[in-house]
Amino acid sequence: RDRGEPTDTMSRALQKMFAPWIKSASAAYRANVGNELRKYGLRYDDLLDEGQDLDVGEAIKRLSAEERDMRQQRLKRAMDLSLKHVYLSKEEQAMQTPFDFYLTPVVEEVKRERAERAALGTTQPYNRQIP
């Protein structure tokens, strides 16, 4: 394909043109998500569902017991607040750290291990089948 060059140039030109807009939109979105998570005392990683991605389930198993308990407590508190139609107080919201990632690095490690095993043609050490 000899005509790939103009498309690449056009793509780079569009990226350069829209980069400031995309950057500001992503910053606004991140701030909005952070504010919503703070209202309920959640972290972004608390939203990862082990039922949807088995790698998340394996990563949760690899967390320390203390970190798993803290995650469960945050989820329970968020459900309780949601059912009561209330938010955390402003003081408690200010103490929250919604983008303190505790699970994402472990999920990435599990995915890398799975990809390495697939490349080597070996079996999985944990069951990846949905019952």
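Just so we're clear, the structure is a prediction, and the values are computed from it rather than from any experiment. (Residues numbered from 1 in each chain as written. Predicted model: local features only at pLDDT ≥ 70, side-chain atom pairs only at ≥ 80, totals over all residues. Heavy atoms only, no water.)

> Just checking my understanding: could you explain the confidence of the model for the protein chain for this structure?
As a general rule, the predicted coordinates of low-pLDDT regions are not to be interpreted in detail. On average, residues of the protein chain score 90 in pLDDT, and 87% of them are at 70 or above. Per-element confidence in the protein chain ranges from a low mean pLDDT of 88 for helix α1 (residues 4-40) to a high of 97 for helix α3 (residues 65-84). (pLDDT = per-residue confidence, 0-100. Helix = DSSP H or I, 4+ residues; strand = E, 2+ residues; numbered from the N terminus.)

> Even after reading the chapter, I still don't get the nonpolar core, so can you show me in this structure?
A general trend in soluble globular proteins is that nonpolar side chains are found buried together. Val56, Ala59, Ile60, Leu63, Tyr102, Leu103, Val106, Val107 and Val110 form the largest nonpolar core, which has nine residues in total. Taken together, the elements giving at least two residues each to this core come down to α2 (54-62) and α5 (104-120). Setting aside residues no more than four positions away along its own chain, valine 106 makes contact with Ala59, Arg62 and Leu63. (Core = buried A, V, L, I, M, F, W, Y, C linked by side-chain atoms within 4.5 Å. Buried < 20%, exposed > 50% of the residue type's maximum accessible area, 1.4 Å probe, protein only. Contact = heavy atoms within 4.5 Å.)

> Honestly, unusual backbone geometry in this entry has me stumped. Any pointers?
Most peptide bonds are trans, and most residues other than glycine sit at a negative phi. One non-glycine residue with positive phi stands out, namely histidine 85, at about 60 degrees. One can find histidine 85 in the loop between α3 and α4 (90-95). Residue class for histidine 85 comes out exposed when judged on its relative accessible area of 73%.

> Would you explain α3 in this entry?
The α-helix advances 3.6 residues per turn, and as a result positions three or four apart in sequence lie on the same side. With 20 residues, α3 should cover 28 Å at 1.5 Å per step; its first-to-last C-alpha distance of 29 Å lies within 8% of that length. Within α3, burial applies to Glu67, Arg71, Arg74, Ala78 and Leu81. One side of α3 carries all its buried residues, which in axial view fall inside an arc of 100 degrees. Within α3, the exposed residues directed more than 90 degrees away from the buried face are Glu66, Met79, Leu83 and Lys84. Once α3 ends, the next one or two residues include histidine 85, with phi positive near 60 degrees. (Expected span 1.5 Å × (residues − 1). Arc of directions from axis to C-beta.)

> Just checking my understanding: could you explain the packing of aromatic side chains for this structure?
Any aromatic ring pair is given by two values, namely how distant the centres are and how the planes are angled relative to each other. Tallied over the full model, the rule gives four aromatic pairs. Ring plane angle 80 degrees and centroid distance 5.5 Å describe the contact between tyrosine 40 and tyrosine 87, whose orientation is recorded as edge-to-face. Here tyrosine 40, found in helix α1, pairs with tyrosine 87, found in the loop between α3 and α4; they are 47 residues apart in sequence, far enough to count as distant. An aromatic cluster is defined as three or more aromatic residues linked by ring pairs; in this entry it consists of Tyr44, Phe99 and Phe101. Here the basic side chain of arginine 30 rests over the ring of phenylalanine 99, its NZ or CZ set 4.0 Å away from the ring centre. Seen from the ring of tyrosine 87, lysine 39 lies directly overhead, with NZ or CZ sitting 4.9 Å from the centre. (Phe/Tyr/Trp six-rings, centres within 6.5 Å; stacked < 30°, edge-to-face > 60°. Lys NZ or Arg CZ within 6 Å of the ring centre and 35° of its normal.)

> Would you take a moment to explain the side chain of arginine 74 for this structure?
With respect to the element layout, arginine 74 can be found in helix α3. Note on arginine 74: relative accessible area 8%, which makes it buried. For arginine 74, the contacting residues outside a window of four places in its chain are Gly41, Leu42, Arg43, Asp46, Glu67 and Tyr102.

> I tried to follow the side chain of aspartate 46 on my own but got confused; where do I start?
Note that aspartate 46 resides in the loop between α1 and α2. Within polar-contact distance, the side chain of aspartate 46 engages the backbone nitrogen of arginine 43 at 2.9 Å. In terms of polar contacts, aspartate 46 uses its side chain to reach the side chain of tyrosine 102, at 2.4 Å. Setting aside its immediate chain neighbours within four residues, aspartate 46 contacts Arg71, Arg74, Leu75 and Tyr102. (Polar contact = N/O pair within 3.5 Å; in protein donor to acceptor, adjacent residues only side chain to side chain.)

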